[in-house]
Amino acid sequence: MYTHARVHVPRLIRSSLNAAANTRVGQRTSARTTTTRTMAQPHDEVLAAQEAHLNGLADSEERTIFDKIVSKDIPATIIYEDSLALAFRDINPQAKTHFLVIPKIRAGLTRLSKATEEHKMLLGHLMYTAQLVAKQEKLDAGFRVVVNDGVEGCQSVYHLHLHVLGGEQLTWPPGCPPQ
């Protein structure tokens with residue numbers, strides 16, 4: 001069994017992410033488009049996703065924070081690990097229980113929309129792992145699995161990952177702004 005500790009993001013990484021996320025590009029003011037600076041709220045996933053997209057991280061092979069968790073360069077509360085997958089608690093939980101399931105090796109799988117037939121076994125294993133860990137976490141009354149894909153899907157880390165949320169009554173619809 002793993003010890004329980006939160007993921008610690010070094011100050012340098014946090015400040016770089018916060019500084020970059022504070023820029024909102026393409027806001028319209030009067031008749032022209034300008035770049036404006038805004039204060040991002042902590043854990044603002046929309047701004048984080050836009051920042052990652054603008055920095056070209058979607059097509060980058062650069063090591064992600066998840067790669068660093070897999071290699072144990074960054075600590076995390078790991079709750080499950082096997083040869084293909086790793087599950088750990090989210091540092092910004094959106095439900096009473098919120099953990100992530102990631103492939104230990106990206107193999108080009110930065111986002112779900114980039115999956116190929118070669119990834120079918122790994123994708124199935126990640127889903128199987130999600131339900132296995134959900135049982136371990138006693139989410140017998142139900143849980144939700146979410147995959148964010150691309151900038152409009154609020155993906156801020158380009159290393160495929162499944163969010164598993166539960167432990168309380170979830171609402172519907174998820175992630176849709178009021179109409």
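The structure we're discussing is the one just above.
Residues numbered from 1 in each chain as written. Predicted model: local features only at pLDDT ≥ 70, side-chain atom pairs only at ≥ 80, totals over all residues. Heavy atoms only, no water.

A look at unusual backbone geometry
Peptide bonds are mostly trans, and most non-glycine residues show a negative phi. For the bond from Trp172 to Pro173, the omega torsion is 0°, close enough to zero to count as cis. As for its position among the elements, Pro173 is in the segment after strand S7 (162-166). Residues other than glycine seldom take positive phi values, yet Ala107 does so here, at roughly 50°. Counting through the fold element by element, Ala107 comes out in the loop between strand S5 (97-103) and helix H4 (120-136). With a phi close to 65°, Lys138 is a non-glycine residue in the positive phi region. Topologically, Lys138 is positioned in the loop between H4 and strand S6 (143-146). You can call Lys138 exposed: its relative accessible area is 66%. (Helix = DSSP H or I, 4+ residues; strand = E, 2+ residues; numbered from the N terminus. Buried < 20%, exposed > 50% of the residue type's maximum accessible area, 1.4 Å probe, protein only.)

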